[in-house]
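Secondary and tertiary structure notes
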Amino acid sequence: LSSGINAEYGGSRDLISTGSRDLISTGSRGLATFSKDSRRFYKEVDVIKTNEGYQVTLDNKFNVRTPLRNLLVLPTETLANAVAVEWDSQRENIIFAIMPLTTLCFKATDKPIEGEGLVEHMLEFLTTDTVCYRAGPDDEKLQALENSRWNPLTDWFSSHYHVHLAVTTDITLTPQPEQTITSLRKHLLNQHPWTLPAYHHSTTSLKSLVIAMAMLDGGLSAEEAIACSCLETDYQIDRWGEVEWQHTLDKARLSADVAAAVLLVNEIRSLSGNQLQAWS
């Protein structure tokens, strides 16, 4: 992704990284624009229903807006309540790194990167996808573990999307068939615009397009996706131990990231007819 986009809108985890919080008066209710971490200034968080959808309010005075100053309007009450919980859970400071659902909804609203750009970035992960590179015969235990956990996943993936995945024990890059890339590109571009940031965020968080797509398209639960993504790390920790607290913290963050993505995708897919079209 271009450095300009990253500089303006932030990286994959610390997404909102520039600018400041603005409180803009618009009559009876203001608009709170957030574009980086800041002090918590509110006490109460609520959800209100409007003709456009659901909005998150702070102290019943400010409606949350995105970094690009768009009003944050959400398509379902469940999604709005979950975003409100993230805002209410902030302590002294508003820290967007621990607000993954808010961040995804900001991205879905602002669209700082067009869908084609997100898809092409996701497809880059396929070249080095962790589940396609297995341990060699010099580590038979790890190889057996990878095959037992990842073979059912790659088999499901190939069958579900009607593609072939090249799986290797070679350490050199093994390109995927062009037909596979074309088919996956078409599938991703056909997703609802609000779900694409969730696919992208899951791919970068899990470090695997195969795992992310399987999780969001019904082949894996979130817990199974995390287990597949962390398999090699967990194997090494079992052998050599871990840095105190770090692995637990990393997994907690990963769990929050993928849970946010799954919720967003499921809520968008719960829409139907005119409702779904209105949010396209």
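Shown above is the structure to which this text applies.
These numbers come from a predicted model, not from an experiment.

As for the overall build of the protein chain
If you tally the helices and strands in the protein chain, you get 12 helices and 8 strands. Relative to its full complement of 280 residues, the protein chain shows a buried share of 48%. About 13,800 Å² of surface is accessible on the protein chain, with carbon and sulfur atoms providing 50% of the total.

Notes on the layout of surface pockets
Of the pockets and cavities examined, the largest pocket occupies roughly 440 Å³. If you list the elements that add at least two residues to the lining of the largest pocket, you get helix 3 (100–110), helix 7 (196–206), helix 10 (231–240) and helix 11 (246–269). The element that contributes the greatest number of residues to the lining of the largest pocket is helix 11, accounting for 5 residues. In this structure, the second largest pocket spans a volume of roughly 210 Å³. Every residue along the wall of the second largest pocket is listed here: Lys107, Lys111, Pro112, Ile113, Glu114, Gly115, Glu116, Leu118, Leu189, Pro193, Leu196 and Pro197. In terms of residue count, the dominant contributor to the lining of the second largest pocket is helix 4 (residues 115–126) (3 residues). For the lining of the second largest pocket, the per-class residue count stands at 7 nonpolar, 1 polar and 4 charged.

Overview of the packing of aromatic side chains
Counted according to the given criterion, the structure contains 8 aromatic pairs. Look at Trp156 and Tyr161: their rings are 5.8 Å apart centre to centre, the planes differ by 90°, and that puts the pair in the edge-to-face class. Chaining the aromatic ring pairs together yields one cluster made of Phe41, Tyr42, Phe62, Trp87, Phe96 and Phe106.

A look at the pattern of salt bridges
This structure, assessed with the given rule, holds 6 salt bridges. Residues Arg185 and Glu120 are paired through a salt bridge, measuring 2.7 Å at the closest nitrogen-oxygen approach. Note that Arg185 is positioned in helix 6 (residues 178–189) and Glu120 in helix 4, a separation of 65 residues in sequence. Under the relative-accessibility criterion, Glu120 is labelled partly exposed at 35%. In this structure, Asp217 engages Arg269 in a salt bridge whose closest nitrogen and oxygen atoms are separated by 3.0 Å. Remark: Arg269 occurs in helix 11 and Asp217 occurs in the loop between helix 8 (209–216) and helix 9 (222–229); sequence separation between them is 52 residues. A relative accessible area of 15% places Asp217 in the buried class. You can call Arg269 partly exposed: its relative accessible area is 40%.

The rules behind the values
Within any chain, residue numbers begin from 1 and follow the written order of that chain's sequence. Side-chain atom pairs in this predicted model are given and counted only at pLDDT of 80 or more, local residue features only at pLDDT of at least 70, and totals for whole chains, interfaces and linings cover all residues. Calculation of side-chain values draws on the structure's entire complement of heavy atoms; hydrogens and water are dropped beforehand. Counting from the N terminus, the helices are the DSSP runs of H or I reaching at least four residues and the strands are the DSSP runs of E reaching at least two. When a residue's accessible area, from a 1.4 Å probe over protein chains only, is under 20% of the maximum for its type it is buried; when over 50% it is exposed; and in between it is partly exposed. We get accessible surface area from the Shrake-Rupley algorithm with a probe of 1.4 Å; when it comes to residues, only the shown protein chains can shield them. Grid spacing is 1 Å over the protein atoms alone, the probe is 1.4 Å, and a cavity is where that probe fits but cannot get out, while a pocket is an open set with protein on both sides within 12 Å along at least five of seven lines and lining residues have an atom within 4 Å of a point. Grid points are joined across faces, edges and corners, and a volume is the space filled by probe spheres set on the points. As a working rule, the residues Ala, Val, Leu, Ile, Met, Phe, Trp, Tyr, Cys and Pro are called nonpolar, Asp, Glu, Lys and Arg charged, and the rest polar, with Gly in that last group. Two aromatic rings from Phe, Tyr or Trp, using only the six-membered ring of Trp, form a pair when their centres are within 6.5 Å; if the ring planes differ by under 30 degrees the pair is stacked, by over 60 it is edge-to-face, and anything between is tilted. Take a side-chain nitrogen of Lys or Arg and a carboxyl oxygen of Asp or Glu: if they are within 4 Å of each other, that pair is a salt bridge.

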